[in-house]
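Below are the chains, spelled out letter by letter.
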Amino acid sequence: MDGRMSDRTMKRQVLLVVSLVCLSSVWGQVSYSIPEEMQTGSVVGNIAQDLGLDLKRLKSGKARIYTGEGTEYIALNAERGVLVVKERIDREALCGQTTPCALAFQIILQNPMQFYSITVEITDINDNAPAFKNNEIKFEISELAHTGSKYVLEKAVDSDVGVNGLQGYSLSSTDIFTLNPYKIGTDRKVEMVLKKPLDREKQERLTLVLTAVDGGNPQLSGTIQVTVSVLDANDNAPICTQAEFRSNVKEDSLKGTTLATVSAKDADEGPHGQIKYSLSNVPDGALGMFDVDEEKGVVTLNGKLDYEKFRHYEIDIQAADGGGNSDECKVIIEVLDTNDNPPAVNIMSTSTSVSEDVKPGTVLTMINVQDPDSDDNGRVHCVLDENSHFKIKSTSNNFFTLVTESELDRETASEYNITVTCSDEGVPSLSSSVTLTLQISDVNDNPPVFERSSYEAYIVENNTPGLSIFTVKATDADWNQNARVSYILEDSSVNGVPVSSYVSVSADSGVIHAVRSFDYEQIKDFQFRVKAQDGGSPPLSSNVTVKIMIQDQNDNAPQVLYPVQTGGSLVAEMVPRSADVGYLVTKVVAVDVDSGQNAWLSYKLQKATDRALFEVGLQNGEVRTIRQVTDKDAVKQRLAVIVEDNGQPSRSATVIVNVAVADSFPEVLSEFTDFTHDKEYNENLTFYLVLALAVVSFLFITCVVVIISVKIYRWRQSRILYHSNLPVIPYYPPRYSDTLGTGTLPHVYNYEVCRTTDSRKSDCKFGRAGSQNVLIMDPGSTGTMQKIQSEKSILDEPDSPLEVSFLEIMKYSQCI
Ligand SMILES: *[C@@H]1O[C@H](CO)[C@@H](O)[C@H](O)[C@H]1NC(C)=O
Ligand SMILES: *[C@@H]1O[C@H](CO)[C@@H](O)[C@H](O)[C@H]1NC(C)=O
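Cut-offs applied
Residues numbered from 1 in each chain as written. Chains lettered and ligands numbered in written order. Predicted model: local features only at pLDDT ≥ 70, side-chain atom pairs only at ≥ 80, totals over all residues. Heavy atoms only, no water. Helix = DSSP H or I, 4+ residues; strand = E, 2+ residues; numbered from the N terminus. Buried < 20%, exposed > 50% of the residue type's maximum accessible area, 1.4 Å probe, protein only. Contact = heavy atoms within 4.5 Å. Disulfide = S-S within 2.5 Å. Patch = residues over 30% accessible without salt bridge, like charges linked within 9 Å, V, L, I, M, F, W, Y side chains within 5 Å. Areas by Shrake-Rupley, 256 points an atom, 1.4 Å probe, with all protein chains shown as cover. Salt bridge = Lys/Arg side-chain N within 4 Å of Asp/Glu carboxyl O. Lys, Arg positive; Asp, Glu negative; His and termini not counted. Charge placed at Lys NZ, Arg CZ, Asp CG, Glu CD. Near = heavy atom within 4 Å. Polar contact = N/O pair within 3.5 Å; in protein donor to acceptor, adjacent residues only side chain to side chain. Core = buried A, V, L, I, M, F, W, Y, C linked by side-chain atoms within 4.5 Å. Pairing = 2+ DSSP bridges. Axes fitted to C-alpha atoms, helices over the stretch in contact; angles between N-to-C directions.

K.L.:
Can you help me understand the overall build of the protein chain in this one?
P.N.:
Across its full length, the protein chain holds ten helices and 54 strands. Burial statistics for the protein chain: of 816 residues in total, 42% are counted as buried. Look at the contacts in the protein chain between residues 6 or more apart in sequence, and 67% of them connect residues 24 or more apart.

Okay, here's the thing in structure tokens:
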């Protein structure tokens, strides 16, 4: 309409309708039409012009707008004569949905008073978008809901009217829900329809957008979010995650060991998806063996596995959800062998004793070994403790034989403890062992062996017959009868006499006895062989040489060879009166058949008519003068020289040396005549002497017989006497006859003491001979020695009867 109107921003919407109702009447009426929401100050219409009033009149008439009580939306600009928007006009606030919507007011003038009705129609503009009350609509729909189910949605409101009002709805893209067609004015509800089944497991939540649009230009819209939560239904069964669960477990695993963890999945949620595991199908052998955790599905061992009984288990585990759906998961358990069984060693047959001469390779024992474990754990080999005599041989699988490997010797080892140890090849290896005791029985394979290769023994002569000399000993390494040694004297001869007449051997003890009394002067040594033989069959034997040496005893007195002691004739050495000092009168010559010290002789002057005249060389027996011979010296000199050996005790002989100190033989004769005068008398005396000797001898023999009888009687009485002590007829060694008055006696016995052929004196005494005429029988050599000692002490005593008898003889000789 006018140029200023066209400047307005809303000029397109502003429809200015000037309705000239009454141009000529005082009370005119003008209508205008303006869109809502025009800016304040916007010109609604040129009222002055439209009413035909000039501006002065408006001023003078003090034109003003009268609205009564209502709000003055439109103001009058009297200067310009236009109506302007005074306050924001919101059609929806003024009229709501009422159409048409108009503002009616009056313009009042004064001087004169005039009023004009003005109507301003407010036209709608699309200033309101459709709006929902809420931001969101929520649905909870079970996934089992049927297709075709309808769900009422919230409606939108658009305050605008007409085309600017709500025109329709649309639902954001979804192929699950669709919106029922909606027609404005006819449909009371906005509905969406389930087109396809829901599946919570696929889509738990659907978010849709419902859009409401109006018809304005530009079109406005409002949206609301439609949220659909799909409620779960137990429409899914649990499913095992694996077709089968496998577990390899060692047989020695402890109770509680985890074998496998079964798992099943259930697409449902909540109780419908909560799976509980349980054993469902357990074979008989596995009852109670396994456990499964209800919640976690962990399969644990609840019993003791034994590979040797069961190697394989198949158990079923049920996986059930809270809604009663279930699945079965298979668990396959393979038991692995561990080396838990030591080999069992069984002796099938054994010999407890074996002869020491068995051949190497002889089977002693058969052994069977069993190990229930498998593979290496059950593979067994057997060994022996270090015992080189035996070895173990594997014959076939698990069968072994114990055989001898080398020769056996009972004498080295009579018993063996053989330990057989069998071990398997597991890691660690297990083993067991048995000990067999094997006795080695004896075979006579060892001859007796003497302790020495040869024996030498000493025996002092004049031993008692039956005296045990010494003992040979042989040992035999065998056992029992095979080791019982007996001793046998081997036949041989000594000086042509069987050795058995010299010695005997005790078969049991090996003691060698002298059978006779030995005489050193006859035999100094001899040898023989002793055989030792065992009791085996056949017997074995060995022999040994025994040498017996006889030791000398001083049993022989020295024997004077010169001067010859004759009974009748008188021998005298001549010493001239002119003989010087040191004149060799004669030499006493003596021998001793003993040896060594026992034959070492010394000479002493025992008695002399004139001791100052002669001496005797200690070693050589030479009789020499020690001073000048004088005329006063008697013609007839008589010396007694004693010859002693060096034995213990020593033995001696005395020799009378007659010395004639004279220059001529007649002188000697005159001195010695009285020796020859009494020839007849001497013969008589000899006769009496012989008679006396015969009587004495008779008495002696009687005595011997009596003593022997007494001894035999005593022996019979005594049973404890050893056989070597048996009274044996003594062996009398041959001896030199002591011619005249040997001062000492042979130690065994001596009855030949005094024998003179030329004795004239009847007072010759034989007491000595009688007193010594005893048979001495000593059980042992020690006894003999004691006897010797006692005799010696007798001999040493000067006043002993022996000495006395000797002196008697001397007297007798002197009286000749
Ligand atoms: C064999 O064993 C037995 C019993 O243990 C024992 O008495 C014996 O001395 C042992 N023998 C050997 C030769 O070790
Ligand atoms: C005595 O033993 C030797 C070997 O030591 C043997 O040669 C000899 O024949 C044996 N003598 C007898 C009589 O058995």
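K.L.:
Looking at this structure, how should I read the state of the cysteines?
P.N.:
Each disulfide consists of one covalent bond between the sulfur atoms belonging to two cysteines. Counting across every chain of the model gives three disulfides. The connectivity of the disulfide-linked cysteines in the protein chain, indexed sequentially, is 1-2, 3-4, 5-6.

K.L.:
Explain a negative patch on the surface to me, please; I cannot follow it from the model alone.
P.N.:
The grouping of Asp291, Asp293, Glu294 and Glu295 at the surface amounts to a negative patch. Along the chain, Glu295 turns up in the loop between strand E23 (290–292) and strand E24 (298–301). Taking the relative accessible area as the measure of exposure, Glu295 reaches 51% and is therefore exposed.

K.L.:
Help me understand the site of ligand 2, please; the structure alone is not making it clear to me.
P.N.:
In the neighbourhood of ligand 2, the contacting residues comprise Glu490, Arg529 and Asn543. Side-chain polar atom of Asn543 to an oxygen atom of ligand 2: 2.5 Å apart, as the coordinates give it. In isolation ligand 2 exposes 360 Å². Once the protein is present, 31% of that is buried.

K.L.:
I'm lost on the nonpolar core in this one. Help?
P.N.:
As a rule of thumb, nonpolar side chains are buried together in soluble globular proteins. Of all hydrophobic cores here, the largest spans 30 residues; its most connected members are Ile469, Ile512, Phe526, Phe528, Val530 and Val546. Every element with two or more residues in this core is listed here: strand E36 (454–460), strand E37 (468–471), strand E39 (486–489), strand E42 (503–505), strand E43 (511–514), strand E44 (525–533) and strand E45 (541–551). Contact partners of Val546, with chain neighbours within four places excluded, come to Tyr455, Phe470, Val472, Ile512, Phe526, Gln527, Phe528 and Val530. Residues Val30, Met38, Leu83 and Ile89 belong to the second largest nonpolar core, which totals 28 residues.

K.L.:
Explanation requested: the side chain of Ser374 in the structure shown.
P.N.:
Relative to the assigned elements, Ser374 resides in the loop between strand E29 (363–370) and strand E30 (380–384). Residues within four places of Ser374 in sequence aside, it is in contact with Tyr307 and Asp337.

K.L.:
Which parts of the structure should I look at to understand the pairing of strand E54 (residues 652–661)?
P.N.:
Working note: regular strand, side chains alternate between the two faces of the sheet. In terms of residue burial, E54 counts as a mostly covered element, since ten of its ten residues are buried. Neither face of E54 is exposed, since Ser652, Thr654, Ile656, Asn658 and Ala660 on one face and Ala653, Val655, Val657, Val659 and Val661 on the opposite face are all buried. In this structure, strand E47 (residues 573–575) lies alongside E54, joined through three bridges in parallel fashion. If you follow Val575 over to E54, its bridge partner there is Val661. Sheet analysis places strand E53 (residues 636–645) next to E54, joined by nine bridges and oriented antiparallel. The residue bridging Val643 from the neighbouring strand is Ala653, located in E54. A loop of six residues connects E53 with E54, the two strands running antiparallel in sequence.

K.L.:
Could you clarify how one ought to interpret the side chain of Asp442 in this entry?
P.N.:
For Asp442, the position within the fold is in the loop between strand E34 (431–441) and strand E35 (449–450). Side-chain polar atoms of Asp442 contact the side chain of Arg410, separated by 2.9 Å. When residues no more than four places from it in sequence are discounted, the contact partners of Asp442 are Glu356, Arg410, Glu411, Asp478, Trp479 and Asn482.

K.L.:
I'm lost on the sheet that holds strand E19 (residues 244–250) in this one. Help?
P.N.:
Sheet strands associate in pairs through backbone hydrogen bonding, adopting either a parallel or an antiparallel arrangement. Strand order in the open sheet formed by four strands is E19-E26-E25-E22, with mixed pairing between adjacent strands. Each end of this open sheet is capped by a strand with a single partner; those strands are E19 and strand E22 (276–281). Between one strand and the next, the sheet's axes are offset by a mean angle of 30°, whatever the strand orientation. Taken together, the five bridges between E22 and strand E25 (residues 312–320) define a ladder with antiparallel strand orientation. Within E25, the residue paired with Tyr277 across the bridge is Ala319.

By themselves, these observations are geometric and do not establish any function.
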